[in-house]
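Chain residues, written in single-letter form:
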Amino acid sequence: MCGIFGYIGTRTASPILVEGLRTLEYRGYDSAGIYVPGYGAVKAVGPIDNLAKKIKETIPGTSGIAHTRWATHGAPTETNAHPHTDQSGSIFVVHNGIIENYTLLKEGLKVQGITFESDTDTEVLTKLIGINYSGDLLEAVQRTLRMVQGTYGLAVMSEHEPEKIVVARMGSPLVIGICEDGNIIASDPSAIVSHTKDVIYLDDGDMALIEKDSYQIMSFEGRGREKTTEKIEWDLEEIKKDGYDHYLLKEIMEIPKAIENTLRGRLIPDKGRVKLGGLEKHSDKLSGLHRLTIVGCGSAAYAGEVGRYILEEYAGVPTTVELASEYRYRTNLKDSKSAVLAISQSGETADTLAAIRLAKKQGLGTFGIVNVVGSTIARENDAGVYNHAGPEVSIASTKAVISQITVLIMLAVFIGRERKMSLEDGKDIIEALQSLPKEIEKVLEQREEIEKIAKKYAQFQNFVFIGRNNHSPLASEAALKLKEITYIHAEGYPGGELKHGPIALLDEKFPVVAFAPQDHVYEKIVSNIEEIKARKAPVLAIANTGDDQVSHLVDDVIYVPKVHPIIQSIVSIVPTYLLAYYIGIEKGYNVDRPRNLAKSVTVE
Ligand code: G6P
C-alpha cells in the first residue's frame, strides 16, 4: 500500500528521504511528498521522479518525513498527497491505513472552525493532532489516538519540535532502523537495509518517540515497552534489478534460486521427510488435523488452492481454501481439530491478518507461510514456515507464489509422512523437489520462443485459461497475471466448466490457454481443447515436452518438462508468467507497477 519513510540524524535529510521513497515506490505510486522542518512540505503527483525534479536544490535540515501514496480516500492529487498539515501549518503527518471514524471527527472539527482542503482521512487526523497540541507533540499524538478508530502507521513532526519524530502503529507496519548517524523509520525494512540491518519492528498499539541518537517505545498511554533489535537477513543487492529491465523479469528468472532457498536445509532425502523447524513443536497437532483451512488473498490464495489438491491427495488432510476477505466475515464452524494456515508474501495483507486474528480468537491453531521475515502475520501466527524467496518488488507476485507452492508440497510431506505417505513416496517427492530448479531452468531457457508467442497473442482483448485438477487454480492464477500486467480481460476456468457458460464467448478472436500436462485427466483436457477448436478459438497449450497429440490439435504450444505430478503445477505456471510479462512489454506498459495496484494491501 502506501509507504512511509523518515530520518532524523546528522546528515542532510532530503536526499535520504527521496531515496527512501524510491525503494518504497512499489508499495504505492500515485503521488508522493516530503516534509523537512523549517522548509515545509513538497508534494508531487505521479512517480517519485516527479517529486525529485520538484526538489530542485538540496533542502537544508537533518530530519524529515516522507510518503508515497496509493489513493484510498480521494483522487491522486497534490492536495490529497501526504504530508498533511494542521490548521496552524506547523504539524505534519504521513499516514498509511484508514481512519474509520474520520467523517464523524471531521464534522466535530468543522464545528470548531477547522477547514479542510483535501478529501483524505489523513487530513482529519492531522488537524485533530493540531487541535490537541499544546507544546508537546508526543502528548498531542497520544491524545489524538484515543479519539481515532481505524488502522494506521503514522509519523508526525512539528515545526516547534524539529528534533522529534513521533510514530504509532495500529494495523499498518512500521520499522525503526538504528543507524550510526541517526534513526530511520519506514513502513518496510527494504527501505532501511541500505542504511542499517539493525531494526525494531513495532507491534500494534506501539508508539515511539524518535530522536537523532535515541528512541523510546511505549504504549499509547505512555507506558514504556521493551523491544529487541533484530537483524535484517538479506542484502540491498537482492532488491536491485541485476541488469534486467524490470523487476518482474528478474524475479521470474530468479525462480530456480528462490526454490533452492526455500528448500535449503529442509529436505531429508534418505528418510523421505522434511524438516520444517518452525512446525516441529506442532507436529502432533498438524498430523492429527481434521481440517486445514488455508486463507490468503490474490495469488497467495491461488497457491493455497494448488496446495489443497496436494495436501488432500498426498497427505490425506481435508483442506479448504478461503479468500481471507470472505473468511473474516462469515460464520465459521469451529472444530478444535482444525487449524488455519495463512499464506502471504508480505505478511501484512490486512484481510489475511484479520482472518488469522479471528481464528486465534476462536481458539484455532494458526500457522503461516510468509516471505517477509518479521512481518505481522509471521509474528502473530502460532508457528510457520518462512519462504526465504528473497525480497519481491514487482507488484505481480511470481517467485513468491512458486515458493509458496513449494512450501505446501513440503508441508504435505511433513504431515503426510505422519499419516499415510510411505517412505518410498516421501523419497520420490524429495527427489522431485530437488530436481525442481533445473526443470524450471528448462522452461526459462525458452524465453525467446515465449516472447514470439506473446507478440502474436498481444493483439487479443480477451483470454480464457483452462486447467484441470491442480492445474485448475493455475488457470485462475495465470489469468490474474495477464489481467494485472497487460490490462487484457482474462478468466480462469476449470476445463470441465467451460461448457457451462464461457464457451459461448469463444470465436476466432477469443483465445484459450490450456494447461494440458500428461496427468490422469489428460484425456479430459484434450476433449476440452477439441470443443474449443470446434468454435474456432485460437488455442495455446502448455503441454509436456514431446506431446504430439496436443501439438496437432492446437495453434501454438509451449513445452514444459514432464515431472513428478506433485511438482508439475510449478513447472507449468512459469511460462504463463513470461507470457504475461512479454505481452505487457509488447503493449508498452510498466509491468512492474500496474495501475491501481499495490504490492501489499494493508487496508481492507
Ligand atoms: C496484492 C498483490 C498480489 C498478492 C496479494 C496478496 O494484491 O498485488 O500480488 O498476491 O496482494 O498479498 P500477500 O502479500 O498477502 O501475498
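Criteria and thresholds
- Residues numbered from 1 in each chain as written.
- Predicted model: local features only at pLDDT ≥ 70, side-chain atom pairs only at ≥ 80, totals over all residues.
- Heavy atoms only, no water.
- Domains from an automatic or database assignment.
- Contact = heavy atoms within 4.5 Å.
- Buried area = accessible area lost by both parts, 1.4 Å probe.
- Salt bridge = Lys/Arg side-chain N within 4 Å of Asp/Glu carboxyl O.
- Polar contact = N/O pair within 3.5 Å; in protein donor to acceptor, adjacent residues only side chain to side chain.
- Helix = DSSP H or I, 4+ residues; strand = E, 2+ residues; numbered from the N terminus.
- Nonpolar A, V, L, I, M, F, W, Y, C, P; charged D, E, K, R; others polar.
- Phe/Tyr/Trp six-rings, centres within 6.5 Å; stacked < 30°, edge-to-face > 60°.
- Buried < 20%, exposed > 50% of the residue type's maximum accessible area, 1.4 Å probe, protein only.
- Lys NZ or Arg CZ within 6 Å of the ring centre and 35° of its normal.
- Near = heavy atom within 4 Å.
- Areas by Shrake-Rupley, 256 points an atom, 1.4 Å probe, with all protein chains shown as cover.
- 1 Å grid on protein atoms, 1.4 Å probe; cavity = no way out; pocket = protein on both sides within 12 Å on 5 of 7 lines; lining within 4 Å.
- Points joined across faces, edges and corners; volume = space filled by probe spheres on them.
- Pairing = 2+ DSSP bridges.
- Axes fitted to C-alpha atoms, helices over the stretch in contact; angles between N-to-C directions.

Asks: Explanation requested: the domain arrangement of the chain in the structure shown.
Replies: Interfaces are often sized by the amount of accessible area the parts lose when they come together. Along its sequence, the chain is carved into domain 1 (3-232), domain 2 (239-443) and domain 3 (446-590). Placing a centre on the C-alpha atoms of domain 2 and another on those of domain 3 gives a separation of 25 Å. Between domain 2 and domain 3, the residue contacts involve 35 residues of the former and 32 residues of the latter. For the pairing of domain 2 and domain 3, the buried interface totals around 2,900 Å² over both sides, and the portion due to carbon and sulfur atoms is 78%. Considering only the surface of domain 2 that becomes buried against domain 3, Tyr302, Tyr309 and Val443 emerge as the three largest contributors, covering 23% of it. Applying the counting criterion to the domain 2 and domain 3 interface returns 0 salt bridges. Applying the counting rule to domain 2 against domain 3 returns 6 residue pairs in polar contact (both at pLDDT 80 or more). Listing elements by their share of the side of domain 2 that touches domain 3, those giving two or more residues are α6 (247-253), α7 (255-263), α9 (298-315), α13 (399-416) and α14 (423-444). In terms of residue count, the dominant contributor to the side of domain 2 that touches domain 3 is α14 (10 residues). Residues of the side of domain 2 that touches domain 3, tallied by class, amount to 23 nonpolar, 7 polar and 5 charged.

Asks: Just to check I follow, could you spell out the packing of aromatic side chains for this structure?
Replies: For any pair of aromatic rings, the description rests on two quantities: the centre-to-centre distance and the angle between the ring planes. In total, this model carries 8 aromatic pairs according to the counting rule given. Their ring planes at 50° and their centres at 5.7 Å tell us that Tyr457 and Phe460 sit as a pair that is tilted. Here Tyr457 falls in the buried class, since its relative accessible area comes to 1%. Looking at Phe460, the relative accessible area reads 11%, which means it is buried. The interplanar angle of 90° and the centroid separation of 6.3 Å between the aromatic rings of Phe460 and Phe463 together place this pair among those described as edge-to-face. Take Phe460 and Phe463: they sit in the same class, and that class is buried. Ring-pair connections join several aromatic residues into one group, and the members of that group are Tyr457, Phe460, Phe463 and Phe465. Taking the ring centre of Tyr309 as reference, the NZ or CZ of Arg308 above it sits at 5.1 Å.

Asks: Sorry, what's going on with the site of the ligand here?
Replies: The environment of the ligand is made up of 13 residues, and the closest members are Ser299, Ser344, Gln345, Ser346 and Thr349. Contacts to the ligand include Ile395, whose backbone N or O atom sits 3.3 Å from an oxygen atom. About the coverage of the ligand: the protein hides 90% of its 390 Å² of free accessible area. The biggest single contributor to the shell around the ligand is α9, with 3 residues. Among the residues making up the shell around the ligand, the classes are represented as 5 nonpolar, 7 polar and 1 charged.

Asks: Before we go on, may I ask you to explain unusual backbone geometry in this structure?
Replies: Of note, the bond from His82 into Pro83 is cis; its omega dihedral lies within 30 degrees of zero at 0°. Inspection of the secondary structure puts Pro83 in the loop between β4 (63-69) and β5 (84-85). Phi is positive for Asn469, close to 55°, though the residue is something other than glycine. The topology assignment puts Asn469 in the loop between β22 (462-467) and α16 (472-486). Phi is positive for Asn596, close to 65°, though the residue is something other than glycine. Its location among the elements puts Asn596 in the segment after α19 (565-586). Judged by its relative accessible area of 58%, Asn596 is exposed.

Asks: Would you explain empty space enclosed by the protein in this entry?
Replies: If a probe as big as a water molecule is rolled over the atoms, it shows which places are left empty. Evaluation of the coordinates by the stated rule reveals 4 cavities of 30 Å³ or more. If you list the elements that add at least two residues to the lining of the largest cavity, you get β6 (91-99) and α4 (121-132). Per-element accounting of the lining of the largest cavity gives the leading share, 3 residues, to β6. Partitioned by chemical class, the residues of the lining of the largest cavity number 4 nonpolar, 8 polar and 2 charged.

Asks: So what exactly am I meant to see when it comes to the sheet that holds strand β17 (residues 291-296) here?
Replies: Where strands meet in a sheet, backbone hydrogen bonds hold them as pairs that are either parallel or antiparallel. In space, the 5 strands of this open sheet follow the order β18-β17-β19-β20-β21, with parallel pairing throughout. Each edge of the open sheet carries a strand with a single partner, namely β18 (319-323) and β21 (383-386). Adjacent strand axes in the sheet meet at a mean angle of 20°, parallel and antiparallel pairs treated alike. The pairing of β17 with β18 spans 5 bridges and is classified as parallel. Bridged to Val295 within β18 is Glu322. Across the sheet, α9 lies against β17, β18 and β19 (338-344), angled at about 170° from β18, the strand it touches most. Strand contacts of α13: β17, β19, β20 (365-370) and β21, with the helix running at about 155° to β19, the strand carrying the most contacts.

Asks: Help me understand the pattern of salt bridges, please; the structure alone is not making it clear to me.
Replies: Pairs can form between side chains of opposite charge once their charged atoms are near each other. Summed over the entire model, instances satisfying the criterion amount to 31 salt bridges. Among the salt bridges present, the one from Glu439 reaches Lys442, with a minimum N-O distance of 3.0 Å. Highlighted residues: Glu439 and Lys442, both in helix α14, separated by 3 residues, approximately one helical turn. With relative accessibility at 10%, the residue Glu439 sits in the buried group. Each of Asp203, Asp206, Arg225, Lys227 and Arg379 takes part in salt bridges that share partners, so that together they form one network.

Asks: Help me understand the sheet that holds strand β8 (residues 165-170), please; the structure alone is not making it clear to me.
Replies: Strand order in the open sheet made by the 6 strands is β5-β6-β7-β8-β12-β13, with antiparallel pairing throughout. Strands at the two margins of the open sheet, each flanked by one partner only, are β5 and β13 (214-219). Direction of pairing for β8 relative to strand β12 (residues 206-211): antiparallel, over a ladder of 5 bridges. For Ala168, the partnering residue across the bridge sits in β12 and is Met207.

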